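Read off the chains here:
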Amino acid sequence: MGTGSKSMEWVWKIFTVLLGVVILPLAGWVWNVNLTVAQLENDLGDAETTVVALTQKVEEAEINGRAIISMEKDIEYMKATLQRIERLVTQP
């Protein structure tokens with residue numbers, strides 16, 4: 001009975017040491033992965049904010065582009081009108 005219980009005790013001690021050798025590194029790995037995921041979520045939030053800001057700037061640029069095209073058409077119309085007026089004034 002004494003020899004069997006001592007061998008079981010040694011088996012249990014070796015088993016717990018092996019578990020410690022396996023579980024502690026795994027716990028550290030899980031901790032690091034958790035930190036990395038949290039950082040990626042934070043970066044994703046920042047990226048989403050940047051995308052929203054850039055989308056708004058693109059929309060503003062499109063509106064400004066349409067306004068510029070409209071102004072160019074107005075300027076062309078004014079040039080044509082001024083050329084007609086100039087012809088009328090310069091004709092004898």
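To be clear, the structure that these remarks concern was listed above.
The structure presented is a predicted model; accordingly, all values stated were derived computationally and were not measured.

**Some words on the overall build of the protein**
Here's step 1: A count of helical and extended segments in the protein gives 1 helix and 0 strands.
Here's step 2: Relative to the globule expectation of 12 Å for 92 residues, the C-alpha radius of gyration of the protein, 39 Å, shows a markedly less compact shape.
Here's step 3: Its C-alpha atoms give the protein principal-axis dimensions of roughly 135 × 10 × 10 Å.
Here's step 4: Here the protein, with 92 residues, has 0% of them falling under the buried criterion.

**What about the packing of aromatic side chains?**
Here the distance between the centres and the angle between the planes together describe a pair of aromatic rings.
Here's step 1: Applying the stated criterion across every chain, the model contains 1 aromatic pair.
Here's step 2: Judged by centre distance (5.6 Å) and plane angle (35°), the rings of Trp 12 and Phe 15 are tilted. Note that Trp 12 and Phe 15 are positioned in helix 1 (residues 2-90) at a spacing of 3 residues, about one turn of the helix.
Here's step 3: Given a relative accessible area of 56%, Trp 12 falls into the exposed group.
Here's step 4: In this arrangement the basic side chain of Lys 13 is found over the ring face of Trp 10, its NZ or CZ atom lying 5.5 Å from the centre.

Criteria and thresholds
- Residues numbered from 1 in each chain as written.
- Predicted model: local features only at pLDDT ≥ 70, side-chain atom pairs only at ≥ 80, totals over all residues.
- Heavy atoms only, no water.
- Helix = DSSP H or I, 4+ residues; strand = E, 2+ residues; numbered from the N terminus.
- Rg over C-alpha atoms; globule rule 2.2 N^0.38 Å.
- Buried < 20%, exposed > 50% of the residue type's maximum accessible area, 1.4 Å probe, protein only.
- Phe/Tyr/Trp six-rings, centres within 6.5 Å; stacked < 30°, edge-to-face > 60°.
- Lys NZ or Arg CZ within 6 Å of the ring centre and 35° of its normal.

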